[in-house]
Amino acid sequence: GFQIIQVISTKPLEQYQGDAGVHAQLLPHFGVQPLCFADAPETALGMIAEAHIVVDALFGVGLNRAIEGAPLQLIQAINKRAVKKNAAIFPFIL
């Protein structure tokens, strides 16, 4: 089995649309209270620094723009870590 320890969102959950919005609204029903990076960037970066496994579900296939802001900061923090990293090609992992 597995346990989701923490989900870090790049924006408030209510701002997600489509499948990501549906999954974002389901997270609390699974006992997961995401931390919004914009609300607590230092806390989020500290959580990444202490993580044993990081699952990146930031973007799907076909990203066609420059990455900036919170997503860029998260990616940079993840890339600095010498931990197991996985990428997922769907909005959220439940």
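## Concerning the overall build of the protein chain
Here is step 1 of the chain: Each helix and strand counted, the protein chain has three helices and four strands in total.
Here is step 2 of the chain: Taken from N to C terminus, the helices and strands of the protein chain fall in the order β-α-β-α-β-α-β.
Here is step 3 of the chain: The buried share of the protein chain, reckoned over its 94 residues, is 30%.
Here is step 4 of the chain: For the protein chain, contacts bridging at least 24 residues in sequence account for 76% of all contacts bridging at least 6.
Here is step 5 of the chain: Looking at the protein chain as shown, the accessible area adds up to about 6400 Å², and 54% of this sits on carbon and sulfur atoms.

## Regarding the environment of C36
Here is step 1 of the chain: Among the structural elements, C36 can be located in strand β2 (residues 35–36).
Here is step 2 of the chain: On the basis of relative accessibility, which here comes to 9%, the residue C36 falls in the buried class.
Here is step 3 of the chain: Look past the residues within four positions of C36 in its chain and what remains in contact with it is S9, K11 and P12.

## Observations regarding the side chain of S9
Here is step 1 of the chain: Position of S9 among the secondary structure elements: in strand β1 (residues 8–9).
Here is step 2 of the chain: Other than its neighbours up to four places away in sequence, S9 contacts Y16, L35, C36 and F37.

## A closer look at the confidence of the model for the protein chain
Here is step 1 of the chain: Scored by pLDDT, the protein chain comes out at a mean of 81, with 83% of its residues at no less than 70.
Here is step 2 of the chain: Within the protein chain, no element has a lower average pLDDT than strand β4 (residues 84–87), which sits at 70, and none a higher one than β2, at 91.

## Quick word on helix α3 (residues 69–80)
Here is step 1 of the chain: If you check α3, its first and last C-alpha atoms are 17 Å apart, about what twelve residues at 1.5 Å a residue would give, namely 16 Å.
Here is step 2 of the chain: Those residues of α3 lying buried are A70, P71, L74, I75, A77 and I78. In a view along the axis of α3, the buried residues occupy a sector of 165 degrees, so they form one face of it. Facing away from the buried side of α3, by more than 90 degrees, are the exposed residues N79 and K80.

## A short note on the side chain of T10
Here is step 1 of the chain: Residue placement: T10 occurs in the loop between β1 and α1 (18–26).
Here is step 2 of the chain: The class for T10 is buried, based on a relative accessible area of 18%.
Here is step 3 of the chain: Apart from residues no more than four positions distant in its own chain, T10 is found in contact with Y16, F37, L58, A70, P71 and L74.

## Overview of the environment of Q76
Here is step 1 of the chain: You can see Q76 is positioned in helix α3.
Here is step 2 of the chain: Of the residues examined, Q76 reaches a relative accessible area of 43% and is grouped as partly exposed.
Here is step 3 of the chain: Once the C-alpha coordinates of Q76 and L45 are considered, the two residues, 31 residues apart in sequence, prove to be 9.9 Å apart.

## A closer look at α1
An α-helix turns once every 3.6 residues. As a result, residues three or four positions apart point the same way.
Here is step 1 of the chain: Here α1 has its buried residues at A20, G21 and A24. Looking straight down α1, one finds that the buried residues subtend no more than 100 degrees of arc, so they occupy a single side.

## Considering the nonpolar core
Here is step 1 of the chain: Formed by L35, F37, A40, A44, I48, A51, V54, A70, L74, A77, I78 and V83, the largest nonpolar core amounts to twelve residues.
Here is step 2 of the chain: Looking at which element gives the most residues to this core, the answer is α3, with four residues.
Here is step 3 of the chain: The residues contacting L74, other than those within four sequence positions of it, are I8, T10, F37, I48 and L58.

What counts, and where the lines are drawn
Residues numbered from 1 in each chain as written. Predicted model: local features only at pLDDT ≥ 70, side-chain atom pairs only at ≥ 80, totals over all residues. Heavy atoms only, no water. Helix = DSSP H or I, 4+ residues; strand = E, 2+ residues; numbered from the N terminus. Buried < 20%, exposed > 50% of the residue type's maximum accessible area, 1.4 Å probe, protein only. Contact = heavy atoms within 4.5 Å. Areas by Shrake-Rupley, 256 points an atom, 1.4 Å probe, with all protein chains shown as cover. pLDDT = per-residue confidence, 0-100. Expected span 1.5 Å × (residues − 1). Arc of directions from axis to C-beta. Core = buried A, V, L, I, M, F, W, Y, C linked by side-chain atoms within 4.5 Å.

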